[in-house]
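Spelled out from the first residue to the last, the chains are:
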Amino acid sequence: GYGQQLASLSRRLLADRHQLFWMPVAGFWGGIYESPDGITYLPLPPDNDKGGNQYIDQHVEAWKIYYVLTFSDIWKFPEYGKNFKWLAWTPIDGDPMPPSYPELLANANRILACSRHGEGVIRAAGFDPLYAPCGVEPYFKRNAGAGKVFRTGHAGSSRSPSGVPG
């Protein structure tokens, strides 16, 4: 799911010394939490609107956040990009995209398409997305019924060492 992709991306961004803030939109209420790996989790009250629209501006201002990257269905983010820089990593499953998406995408500073299909649909709607596929951890693969199988090289792999399809 999306959580695995964001965990993988977070490890890579942290390795590049970026400061990360996560704002889980469900199930995380209470105070600010600093995880052992260096991610700051920003809480949302239980009354949030599934996208944190009524709180995101406050977090961006208080923490001096430069970019907000989302990886979710963008219908949740009608207020994003109006008062801060928004990178919309946008999963698109259908064709054409949902009717509300063009207006929402117009607020994004950069649109990231996580599939070639999504890239084509976003382009057909008049936008210029960057193809940024979901990565796969380069050091293991899963075999049905076998669990994790670790590998040391990339010989014969269709993926680059970074985990992005090559």
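Refer to the structure printed above.
Described in the following lines is the structure provided in the data block. (Residues numbered from 1 in each chain as written. Predicted model: local features only at pLDDT ≥ 70, side-chain atom pairs only at ≥ 80, totals over all residues. Heavy atoms only, no water.)

Here we take up the side chain of Lys 76. Of note, Lys 76 is situated in the loop between strand E4 (67-71) and strand E5 (85-90). Residues contacting Lys 76, with those up to four places away along its chain left out, are Lys 50, Gly 51 and Asn 53. (Helix = DSSP H or I, 4+ residues; strand = E, 2+ residues; numbered from the N terminus. Contact = heavy atoms within 4.5 Å.)

Let us now look at the nonpolar core. Judged by nonpolar contacts, the single largest core of 25 residues is most densely connected at Tyr 80 and Trp 86. Contributions of two or more residues to this core are made by helix H2 (56-63), E5, helix H3 (101-105), strand E6 (110-113) and helix H4 (116-124). Of the residues forming this core, the biggest block, 3 residues, is contributed by H3. Not counting the four nearest positions on each side in its chain, Tyr 80 is found in contact with Met 23, Gly 51, Gly 52, Asn 53, Ile 56, Val 68, Thr 70, Trp 86 and Asn 107. (Core = buried A, V, L, I, M, F, W, Y, C linked by side-chain atoms within 4.5 Å. Buried < 20%, exposed > 50% of the residue type's maximum accessible area, 1.4 Å probe, protein only.)

In the structure shown here, the tally under the stated rule is 4 salt bridges. Taking the shortest distance from any N to any O, the salt bridge between Lys 82 and Glu 79 comes out at 3.6 Å. For Lys 82, a relative accessible area of 47% puts it in the partly exposed group. Between Glu 119 and Arg 116 there is a salt bridge; the shortest N-O distance is 2.8 Å. Of the two residues, Glu 119 and Arg 116 are both situated in helix H4; the distance of 3 residues between them amounts to about one turn of the helix. Residue class for Glu 119 comes out buried when judged on its relative accessible area of 12%. Given a relative accessible area of 53%, Arg 116 falls into the exposed group. (Salt bridge = Lys/Arg side-chain N within 4 Å of Asp/Glu carboxyl O.)

Our focus in this paragraph is unusual backbone geometry. Of note, the amide linkage connecting Asp 95 to Pro 96 takes the cis form, showing an omega dihedral of 5°. Topologically, Pro 96 is positioned in the loop between E5 and H3. Phi is positive for Lys 50, close to 75°, though the residue is something other than glycine. For Lys 50, the position within the fold is in the loop between strand E3 (39-41) and H2. Positive phi outside glycine occurs at Lys 64, with the angle close to 55°.

Once that is clear, we can look at H2. Within the sequence span of H2, burial applies to Ile 56, His 59 and Val 60. Take H2 and look down its axis: the buried residues cluster within an arc of 100°, on one side only. Turned more than 90 degrees away from the buried face of H2 sit Gln 58, Glu 61 and Ala 62, all of them exposed. Along its buried surface, H2 packs onto E4. (Arc of directions from axis to C-beta.)

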